[in-house]
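Understanding the architecture of this molecule
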Amino acid sequence: MAGTQTTKAPPSLLYMVKQVELVVRSRLDELVKPSGITALQYTALTVLERHDGLSAAQLARDSFVTAQSIADLVRSLENRGLIRRERNPRNRRELLILLTQEGRELLDLYAGPVRELEERMVRDLTAHQAEQLRAALSKAWQALS
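Residues numbered from 1 in each chain as written. Predicted model: local features only at pLDDT ≥ 70, side-chain atom pairs only at ≥ 80, totals over all residues. Heavy atoms only, no water.

1. Brief notes about the packing of helix H2 (residues 39–50) against helix H5 (residues 101–121)
In the contact formed by H2 and H5, the axes pass within 11 Å of each other and the chain directions differ by 105°. Regarding the angle of H2 to H5, the classification is roughly perpendicular. Taking contact as the criterion, the partners of Tyr-42, Leu-45, Thr-46 and Glu-49 in H2 are, on H5, Leu-106, Leu-107, Tyr-110 and Val-114. When the residues that make up the contact of H2 with H5 are grouped by side-chain class, the tally is six nonpolar, one polar and one charged. (Axes fitted to C-alpha atoms, helices over the stretch in contact; angles between N-to-C directions. Helix = DSSP H or I, 4+ residues; strand = E, 2+ residues; numbered from the N terminus. Parallel < 35°, antiparallel > 145°, perpendicular 65-115°, else oblique. Contact = heavy atoms within 4.5 Å. Nonpolar A, V, L, I, M, F, W, Y, C, P; charged D, E, K, R; others polar.)

Next comes the structure, spelled out in structure tokens:
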């Protein structure tokens, strides 16, 4: 039909969330690269900062990596002296992963630049909109977990 305009549907929320995730990971990789770690390794360290003494399975879940890839990630961070493993006193077969002082110092070093990255991500939002985004993302995550 001549003169008929079709309106494109906006991109799906799944697509948009993935776009944000990929650009955040890329920027985070650039940011922490000088320290010799990756964005995924940095994420694992931040998880341990909030919940020290996790099993590998718990760390994998909370760091958004597979159980298979967590072994390499843990080995790499342990070789760098950023984490250590100890036997769980309640379950001697289980190893717990703990942040070392060196790991804490690395996180302290990047706390400001990572906060600046997050602020850059939401700079065109009001404080209220940023809080709404945080709440909405949390609810979306809970709905799928």
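Now, onward.
2. A few points about helix H3 (residues 56–63)
For H3, the complete set of buried residues consists of Leu-59, Ala-60 and Ser-63. All buried residues of H3 lie within an arc of 100° about the axis, which places them on one face of the element. Once H3 finishes, Phe-64 follows within two positions and takes phi at roughly 65°, a positive value. (Buried < 20%, exposed > 50% of the residue type's maximum accessible area, 1.4 Å probe, protein only. Arc of directions from axis to C-beta.)

3. Remarks on the pairing of strand E2 (residues 91–99)
Inspection of the sheet shows strand E1 (residues 83–88) paired to E2 by six bridges, in the antiparallel sense. Within E2, the residue paired with Asn-88 across the bridge is Asn-91. Hairpin geometry of E1 and E2 is characterised by an intervening segment of two residues between the two adjacent antiparallel strands. (Pairing = 2+ DSSP bridges.)

4. Things to note about the pattern of salt bridges
Here the structure, examined in full by the defined rule, presents nine salt bridges. Taking the shortest distance from any N to any O, the salt bridge between Glu-30 and Arg-27 comes out at 3.9 Å. Taken as a pair, Glu-30 and Arg-27 lie in helix H1 (residues 13–32) at a separation of three residues, close to a single helical turn. When the shortest N-O distance is used, the salt bridge between Arg-104 and Asp-52 registers 3.0 Å. Of the two residues, Arg-104 sits in helix H5 while Asp-52 sits in the loop between H2 and H3, which places them 52 residues apart along the sequence. Among the ionic contacts, a cluster of salt bridges with common partners joins Lys-18, Glu-21 and Arg-25. (Salt bridge = Lys/Arg side-chain N within 4 Å of Asp/Glu carboxyl O.)

5. As for the environment of Arg-93
With respect to the helices and strands, the residue Arg-93 is situated in strand E2. Along the backbone, Arg-93 and Leu-22 are 71 residues apart, and their C-alpha atoms lie at a distance of 37 Å.

6. Observations regarding unusual backbone geometry
A positive phi angle, close to 65°, is found at Phe-64, a residue other than glycine. By the element assignment, Phe-64 lies in the loop between H3 and helix H4 (67–79).

7. A closer look at the confidence of the model for the protein
Fine structural detail should not be taken from predicted coordinates in areas where pLDDT scores are low. Per-chain confidence: the protein averages 93 in pLDDT, with 97% of residues scoring 70 or above. When pLDDT is averaged over each element of the protein, H5 comes out on top at 97 and E2 at the bottom at 91. (pLDDT = per-residue confidence, 0-100.)

8. Structural notes on the side chain of Ser-55
Here Ser-55 shows up in the loop between H2 and H3. Judged by relative accessible area, which is 7%, Ser-55 ranks as buried. Dropping the residues within four chain positions of it, Ser-55 is found in contact with Glu-94, Leu-95, Leu-96 and Ile-97.

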